[in-house]
Structure formats: structure tokens, C-alpha cells
Amino acid sequence: MATSVRAAGDGSAPPAAQAPGAGAGPGSHRQRPSGRSAWRSTLYRLDLKAVPYVFIAPFFLTFAAFGLFPLIYTGWLSLHRVELGGSAQWRGMGNYSALATSEFFWNALANTFTIGVISTVPQLLMALCLAHLLNYKLRGRGFFRVAVLAPYATSIAAATLVFAQLFNTDYGLINTVLGWLGFDPVSWESSKWPAQIAISVIVTWRWTGYNALIYLAAMQAVPRDLYEAAALDGASRLRQFLSVTIPSIRPTILFTVVVSTIGATQLFGEPMLFGGSVGISGGSGNQFQTLSLLMYEKGWVTGALGQASAIAWVMLLLLLIIGGIQALISRSNRNRNRNRNRNRNQRTKAGS
Amino acid sequence: MRTSSSRRGRGRRTVLSVVAVVSTGTALLTGCGGDSDNGKGDGAAGGEQITLRIGTFGSFGYDDATGAKLYAEYMKTHPNIKIEESNVADGQKYWDTLKLRLSRDSGLADIQALEVGYIAEATGPAMADKWVDLGKTGGADLGAFLDWKVKQATTADGKVIGLGTDIGPMAICYNKDLFAQAKLPTDRAEVSALWAGDWAKFIAAGETYRKNAPAGTAFHDSAGGLFNAVISSEAVQYANAKGELDYENSTGVKKAWDTAVTAAKGELTAKLRQFDEKGTWNAAFKNSKFATVACPSWMTGIIKDQAGPENQGKWDIAAPPVAGNWGGSFLAVPKSGKHAKEAAELAAWLTAPAQHAKVFGVNGNIPSSKDTLASPAVQGATMPYFGDTPIGKIYSQAAAGITPAPISRWDGQVKTFLTDNGILDIEQRGTDPAKAWENVKKLVDDKIDQ
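Residues numbered from 1 in each chain as written. Chains lettered and ligands numbered in written order. Predicted model: local features only at pLDDT ≥ 70, side-chain atom pairs only at ≥ 80, totals over all residues. Heavy atoms only, no water.

Trainee: So what exactly am I meant to see when it comes to the nonpolar core here?
Mentor: Nonpolar side chains tend to gather and get buried jointly when the protein is soluble and globular. Residues and elements named next belong to chain B. The biggest cluster of nonpolar side chains holds 58 residues, and the ones touching the most others in it are W195, F227, Y238, W257, V414 and L418. Residues within four places of F227 in sequence aside, it is in contact with Y238, V253, A256, W257, A260, L418, T419 and I423. Membership of the second largest hydrophobic core comes to 47 residues, among which are W95, F330, A344 and L350. (Core = buried A, V, L, I, M, F, W, Y, C linked by side-chain atoms within 4.5 Å. Buried < 20%, exposed > 50% of the residue type's maximum accessible area, 1.4 Å probe, protein only. Contact = heavy atoms within 4.5 Å.)

Trainee: Explain the pattern of salt bridges here, please?
Mentor: If the charged atoms of two oppositely charged side chains come close together, the side chains can form a pair. All names here are of chain B. All told, the structure shown has 19 salt bridges over all chains when counted by the stated rule. D177 is the salt-bridge partner of K314, the closest N and O atoms lying 3.9 Å from each other. With K314 in the loop between α13 (299-307) and β7 (315-318) and D177 in helix α7 (residues 176-181), the pair connects residues that are 137 residues apart, well separated along the chain. In this structure, K441 and E438 form a salt bridge, with 3.8 Å as the shortest nitrogen-oxygen distance. In this pair, K441 and E438 are both assigned in helix α20 (residues 433-447), three residues apart and thus about one turn of the helix distant. Its relative accessible area of 37% is what places E438 among the partly exposed residues. The structure contains a network of salt bridges with shared partners spanning K99, E121 and R409. (Salt bridge = Lys/Arg side-chain N within 4 Å of Asp/Glu carboxyl O. Helix = DSSP H or I, 4+ residues; strand = E, 2+ residues; numbered from the N terminus.)

Trainee: Is there a simple way to explain the interface of chain B and chain A in this structure?
Mentor: Interface size is commonly expressed as the accessible area that is lost once the parts come together. Between chain B and chain A, the contact holds 42 residues from the first and 45 residues from the second. Of the roughly 3,600 Å² buried between chain B and chain A on both sides combined, carbon and sulfur atoms contribute 53%. Viewed at the interface, chain A and chain B are joined by two salt bridges. In this structure, the salt-bridge partner of B:K442 is A:E103, at a minimum N-O distance of 3.1 Å. Counting across the interface, chain B meets chain A through ten residue pairs in polar contact (both at pLDDT 80 or more). Going through the elements one at a time, α2 (10-33), α4 (91-104), α12 (280-286), α19 (411-429) and α20 of chain B are the ones with two or more residues in the side of chain B that touches chain A. (Buried area = accessible area lost by both parts, 1.4 Å probe. Polar contact = N/O pair within 3.5 Å; in protein donor to acceptor, adjacent residues only side chain to side chain.)

Trainee: In this structure, what is going on with the environment of B:A405? I would like to understand it.
Mentor: All names here are of chain B. Tracing the chain through its elements places A405 in the loop between α18 (391-400) and α19. Overall, A405 belongs to the buried group, its relative accessible area being 12%. Considering only alpha carbons, one finds A405 and I394, eleven residues apart in sequence, at a separation of 21 Å. Dropping the residues within four chain positions of it, A405 is found in contact with E234, A235 and Q237.

Trainee: It is not clear to me how a positive patch on the surface should be interpreted in this structure. Could you clarify?
Mentor: Residues A:R331, A:R334, A:R338 and A:R342 make up a contiguous surface patch of positive charge. In this fold, A:R338 is placed in helix α16 (residues 305-351). (Patch = residues over 30% accessible without salt bridge, like charges linked within 9 Å, V, L, I, M, F, W, Y side chains within 5 Å. Areas by Shrake-Rupley, 256 points an atom, 1.4 Å probe, with all protein chains shown as cover. Lys, Arg positive; Asp, Glu negative; His and termini not counted. Charge placed at Lys NZ, Arg CZ, Asp CG, Glu CD.)

Trainee: Could you clarify how one ought to interpret the side chain of B:S297 in this entry?
Mentor: All names here are of chain B. Position of S297 among the secondary structure elements: in the loop between β6 (290-296) and α13. For S297, a relative accessible area of 7% translates into the label buried. When residues no more than four places from it in sequence are discounted, the contact partners of S297 are I167, G168, P169, I366 and Y395.

Trainee: Just to check I follow, could you spell out the pairing of strand β8 (residues 325-332) of chain B for this structure?
Mentor: In regular strands, side chains alternate between the two faces of the sheet. All names here are of chain B. Among the eight residues of β8, eight are classified as buried, and the element is accordingly described as predominantly covered. Relative to β8, strand β3 (residues 111-115) is paired through four bridges, and the arrangement is antiparallel. Paired with E115 across the two strands is S329, which belongs to β8. (Pairing = 2+ DSSP bridges.)

Trainee: Would you explain the packing of aromatic side chains in this entry?
Mentor: Pairs of aromatic rings are described using the distance from one ring centre to the other and the angle between the two planes. All names here are of chain B. Scanning the model with the defined rule gives 39 aromatic pairs over all chains in all. On the basis of an interplanar angle of 45 degrees and a centroid distance of 6.0 Å, the ring pair of F60 and Y62 is categorised as tilted. The rings of Y174, F179, W195, W199, F202, Y209 and F219 are connected pair by pair, giving a single aromatic cluster. The ring of F330 has K149 sitting right over it, with the charged end atom 4.2 Å from the ring centre. The residue whose ring lies beneath R409 is W410, and the NZ or CZ to ring-centre distance is 4.2 Å. (Phe/Tyr/Trp six-rings, centres within 6.5 Å; stacked < 30°, edge-to-face > 60°. Lys NZ or Arg CZ within 6 Å of the ring centre and 35° of its normal.)

Trainee: Can you walk me through the state of the cysteines in this structure?
Mentor: Structurally, a disulfide amounts to a covalent bond that connects the sulfur atoms of two cysteines. All names here are of chain B. The final tally for this structure, using the stated rule, is one disulfide over all chains. Here C173 connects covalently by a disulfide to C295, the sulfurs 1.9 Å from one another. Handedness here is read from the sign of the S-S torsion; for C173 and C295, about -75 degrees, the answer is left-handed. Of the two residues, C173 sits in strand β4 (residues 162-175) while C295 sits in strand β6, which places them 122 residues apart along the sequence. Comparing C173 with C295 shows no difference in burial state: the two are buried. (Disulfide = S-S within 2.5 Å.)

Trainee: In this structure, what is going on with the packing of helix α6 (residues 103-135) of chain A against helix α10 (residues 192-220) of chain A? I would like to understand it.
Mentor: Packed helix pairs are specified by the crossing angle of their axes together with the interaxial distance, meaning the distance between the axes. Residue and element names in this part refer to chain A. Where α6 meets α10, the axes come as close as 6 Å, and the angle between the chain directions of the two elements is 35 degrees. α10 is crossed by α6, and the crossing has right-handed handedness. Taken together, the residues of the contact of α6 with α10 sort by class into 18 nonpolar, twelve polar and one charged. (Axes fitted to C-alpha atoms, helices over the stretch in contact; angles between N-to-C directions. Left-handed = near helix turned anticlockwise from the far one by under 90°. Nonpolar A, V, L, I, M, F, W, Y, C, P; charged D, E, K, R; others polar.)

Spelled out as C-alpha cells, the structure:
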């Protein structure tokens, strides 16, 4: 209905509805449309209904080509024995069961977990403290806010190469300083925990400022009067931080935990570049090989694309589980908040 | 209101969106399709102007800028041919890309260089049919090459898919200063005699060195490098006579492993990894941290660059305990190229003895043709950085003693596991050798998808 009204109102061409069969109402126009008006209304309908899809099509096409297709194709590959240049042979779940019994897979999974923990936890704690400090009125606040973001703007490659030089066992600054202090040099690359700690330092250095800025944004949305009220009640700044800031930005903390966990699960560039020439295998004894590195090694170094695809799918599964846990936690959080608000409202009502 | 209308319209919208996606997709696909047969737009028929592309990695010494200007020379005698080289620095990346392109039969250059580490894969069943038989096309004189070099590039059914460019005969480079300080001989003939014929003597020389060594230096650069040197001199390496991977039962692997482990355990090595990206190995040249390094012909350039002018005259080159070959390349012509015949002719010309000599003169690549190896240009060549060492004589003698070993397509990968995971682990982390060997076996079983 709306279409015909709009077409009639359009002054650019004689409205079809008022042509020959005049006198008849709009209803008759519908039964007996002239060819032109039908075309116009079809066009108009197309314009209304189809054009938005054409406008959003590039994203979905790109997503289909570079997101969905690789995902499905990887799943298909993971069920085959594939080699670059050869044809695929069906292997069923063989690649997955091989992973389950492969000590290299479990080693990589454990490394991913340990490096993830020793980089994510200090990183988020430090980010919280930094954000809290930046949230105060202090001189040169703008400068500090930009400064904390600078590591994030540095490329992984550049940062890692610098750190790899600092941690160099023979010529690195860190071992030199340790030597001045009378300690033995630490073999930062070839020993397991020093290597994992060194990699975590790079990750932490790079992402702390980024998370701090996210926390800062969330902190600025916390109503000032909460702090004022807390201050009037005699709460110290630490108390305010623990009892006002942290509860207020809990959803943001959860968000950063999830994002950092995803990042840690996919950790690749730092260990690869830190290890230099033996980076892909995560050191001579795979002491810091992560899941991503193992996937890369399988796919591109030894050419077992099927097994690499299986690892990719296992990683996806892990991330989905993490996402699911996050959803559960945030839902329980929301429920708790709702209950609290309801209680508060009831209390207010009761009070009034 | 909005929700209800969207609910009503969902069925039709789905159809429309599918139409939109499909039509846009088709437009994209046809757009891409139009590109695929761009070629170079140059028919080869009747002396027309054609462009030959040659894909290389590292330094082949052919180009007109720093090499022997072979392209300019060829284009002068073949006015209808234009040569374009595309060079990739990293040999591993070059090969990975080449494999992908071969599998798709697109994006290939008319001539592709192949490194010896991958020649078994290129001649193997999956790829053998992708190459032109250069024994028949292009007019190459196969008899001019070293016999084993031709054999390496020959497929099971007798096709020669690659023509040899250079080889990697090996010597031992040693630091005269450090040798003198450790009371070892410094004269190249005496040093050669010190370990002639047996790697065990080389280890023994290392023991002597260690007793009198200047503080902070080691006899050899790396156990992994020693492993490579020993196995390069063995007649049986990673593969059995049929070209199947059989490193576990190989006498060569066992000998190289045991020698390298002895050196690592006996503190004869500087615990470095060759070519490590952090430059620790490079820095050790400059700081004279080790006294010897296994030295294929191409290594001399690396020593010269890394040890730098301040160490000029300190290094010299001695004969290896046992002659070996470490490295070397081929030129191959993919069948799918438009100008396969012309490309084969160019490959044959580039690898002919006369051109080998020109490249050796400019780039130092040891030729893979018999006559050129014996020619005065090679025999009389010296290297000022090493105190005018007769490198031509040393390396052509080493080349004469090479026993070619059968190779399998997994050689390169297994070598990496043995040196970077097994031996480096023993050397740097003190892992028990038996355990390290088990780890290597597990790595091969797990990661090589045979």
C-alpha cells in the first residue's frame, strides 16, 4: 500500500494511478497495474529490500571467503592426510586421536597454559594499578596515558627482537647486570622456566598499557559521588579502590580476562621470534613451544596440513569453552546485580 | 512495530539476501576469472619477443648487477629473449612457495632453481612429472657434469629434471691465532695432516686444543655444525639405497651423531647454533670464540663478512678429515611454462662449463662440471682474506673425494630435528644423549606424516 502512495507523490513522472482508469480507487489500481508502474514499484521494492543487503554484502562476502570458508575447509582438512601439492586422503578422526596420544601436543598445551598464566595474571594486575593511578588528577596525565599505550603500538617483531637481545645469554644486558650483582648467568633461552618467563615479560610489557586504558575508560564511568561518599565515610584510597572501583568495573575486568586468555591461547609471534632460529620448535627441547607454534611447525615445516588443521580446530574448541565460561560468569554476574538492585529498590520503597 | 515487520518479512529477505550474495559473488568471481590468463602476452612463435623468468634464492651469481652478467650476455646473442630474475633470500620460503605454485600449476617462473636438500622431493613421484626432461630438451651436455650431480637430479624413470649449478665441497677453516696459542700447528699442510683421514683425529686435535686453550674459546663452533660436516662425508646418510628415509639404521647418522655428542660432552664446542637469528654465532666469529668451523666453499664468504677486516689473515683453510659435500643447487624447467623449450636452452647455457667458470670468478661458487673444476681458473684461484689460500685447489680436491649418498625427501627435515632438537639439546641443556636420541625419534614419528 505504502508503495503506491509514495509513487504517486513522486513528481518526476505522471503518477500511474491517475492514468486511464481514473475514478477507480487505489484498490483497482492494484488489480490492474500499468506495466510501468509495476516496474517502478518492483524497483522501489528492490531498492527498499535488496539494496541494504548489497551494501552489507562486502562484509559478509569477505567473511565467507576469509572466515567461514577457511574454518570449514580446515575442518575438512583435519579429517584427511594432506600434503602441499598432493591430494588428500581420508583419515577420519585419525588426526585427532594422534593428537591425543602425542606428547608434543600435550607439552604445547601445557606450555600455552603456563605462559598464559604467568603473562596474563601479572599483566592484568599491573594494568589495574596503572589505571587506578592514571584515574587520579595528576600533572601530565595526557602524557602518561599516551605513554602507557606506546608498547602496544610497537610491532611484536620489533619489541621481541629488542627483548631477545636483552635476554641474550652470552651478550645480553640482563645477564651482564646479573653478573655485576654476582649472580651466575641465566640461560634465558635454553632453560624452560627462564625462557617462559622471558616470553611472558614481552607479552606483559606489550599489553599492560592497552588493558590499563580499557580499565581507565571503565573507571571514568564510575560515578564520582560514590568516591565522595566513600571518602566522607573515611575510606582510604586503597579501600576505595577495592570496594568501589573493582566492583564497579567487574564486567570490564571479565572482558579483559577473556580477551587476554584468547590472546594467550593464540600466542605465536613472541615465542617464535624470541627463540630465533629454533623458535618454531619452541627451543631445542620444545621447552616453550605453544599450540600455535606446533600448528605452524606441523603445517608449514613438516607439511602435515591435516594434523595442523586438527590442532587449529582443537584451539577453536578451547576458545569456545573459554567463551562459554565467560558467558556463564557474566550471566551470573548480571543476575546478582539484578537481585541486588531489586533488593535495593525494595529497601528504598520500604523506607519511603 | 519493527520486530513484527521483520518477523513477517524474514522468508522473503532471506531469498533476497541470497540473491544479493550470489550475484555479487558471481561478479567477483568473473572479475577474478578475467585475470587468470594474463600470461605475458607474448607468443613464442617465429622469433617473436619473449620474456623468460627465472626464480632463484640466495646468490647464484648470474645477475647483471653483482653477478657475472650472464643475462646481458645471453640477451645479446638472443635478441628476441628478455630475461627477468626474481630472487628470494630465504631458501626454505622459496621452496615452500614453489611447492604451492607447482601444486596449482600457476605463478611459476620459466626456470626454477632447486637446492640439493629438496632435489629428492622434486624428483619424487609427487613432482617428477611437473618438470621438463633436460636430458632431452635444451641440448645440455650431461657428460660435462660430475656424474653424481646428474644422478641426484634423475628421476626413477631416468629423466633429468635439473642441471647442476654449484656444489658444496667441504674443508675445515681454522683460526691460526688460536691454534698458535693452543700450541697446535698453524701451517695448512701440517694442520691437514693433523686429522687427515679420520674424524676421530679431529676430535683428538680438539682435546689437545682444550688442554692449552685460551680462556673463553672452544675448539669447534657447534656440535650441530660438526654433525653436518661428518654426515656430509658419509656414503650412507639419512636414506637407504632405495632413497627411503632410514636414519635410524644409518651408519653415517650414527657416526655423525656419536662424533657430535663426543664433542659436545667433551666441551669441545662453543655451544652455538649456526646461522642463529640473534647473531650470537656471527658475533663469535668477530670475537674469536672458536678455533675451527666446518667450511663448505660457501662458508668462506660468511667468515669473511662476519669476522670482518680486523681479523683478516687470522683464518686459514685446511683439508677436511674426510671429503664431503654440503650444499649445491640445480636449475629446473617446469613443464607448465609457455616457453619451456627456450627456457631449457637458457638453463643449459647457464649451467654449461664456460658459464660455471665465469660465475666462480665473480661469486666463488664451486662449479659442478668436471672440466671447470680442473681448469686453471679454478685450480689457481686464491682468497686474499685467508692469506692467499689456494681455495680452488683445496675445494676441487675435496670435490674429487666426494662419495655421493642416496637422498630421501625427508633429509632436510630429519637433519633439522637431529641438529636443532637432538644435538643442540645435549649441547646447551645437558640432556642425556640416549634421551635426546629418543626425543628425535619421537619428533620424526610425530611430525613427519609419511
